[in-house]
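One letter stands for each residue in the lines below.
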Amino acid sequence: MATDDNAEYLTDSVNFRKYLGVYDEGNEHINVICKGDNIMVIKTSSEFINEMWTRPQIRERKVYSLKDLMKHHIFE
């Protein structure tokens with residue numbers, strides 16, 4: 001049985017690895033936007049909507065501090 005679900009992580013490969021969630025390749029996306037020390041993670045879904053007329057729905061939004069992730073050595 002096949003699935004299109006993927007787990008997404010944010011990592012610098014040495015100091016931290018933060019679990020961001022699972023998304024379905026067909027209609028969900030996890031976008032990561034870095035601005036200075038802030039890392040914004042936005043999970044969107046286009047399930048049941050017409051993308052020609054409507055933007056994907058934001059399902060989850062989180063903001064992380066890069067300094068805090070590195071300082072606390074978060075490994076999930």
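That block above? That's the structure.
Residues numbered from 1 in each chain as written. Predicted model: local features only at pLDDT ≥ 70, side-chain atom pairs only at ≥ 80, totals over all residues. Heavy atoms only, no water.

Draft legend 1. Examining empty space enclosed by the protein more closely. If you walk through the whole model with that rule in mind, you get 1 cavity of 30 Å³ or more. Estimated volume of the largest cavity: approximately 50 Å³. Lining the largest cavity, in full, are Leu20, Ile30, Val41, Ile42, Lys43, Glu60, Arg61 and Lys62. Elements supplying a minimum of two residues to the lining of the largest cavity: strand E4 (38-45) and strand E5 (57-65). Here the residues of the lining of the largest cavity are counted per class, giving 4 nonpolar, no polar and 4 charged. (1 Å grid on protein atoms, 1.4 Å probe; cavity = no way out; pocket = protein on both sides within 12 Å on 5 of 7 lines; lining within 4 Å. Points joined across faces, edges and corners; volume = space filled by probe spheres on them. Helix = DSSP H or I, 4+ residues; strand = E, 2+ residues; numbered from the N terminus. Nonpolar A, V, L, I, M, F, W, Y, C, P; charged D, E, K, R; others polar.)

Draft legend 2. Inspection of the nonpolar core at higher detail. Of all hydrophobic cores here, the largest spans 9 residues; its members are Leu10, Phe16, Leu20, Tyr23, Ile30, Ile39, Val41, Tyr64 and Leu69. Broken down by secondary-structure element, the contributors of at least two residues to this core are strand E2 (17-24) and E4. Leucine 20 has contacts with Glu8, Tyr9, Leu10, Ile30, Val32, Val41 and Tyr64, leaving out every residue within four places of it along the chain. (Core = buried A, V, L, I, M, F, W, Y, C linked by side-chain atoms within 4.5 Å. Buried < 20%, exposed > 50% of the residue type's maximum accessible area, 1.4 Å probe, protein only. Contact = heavy atoms within 4.5 Å.)

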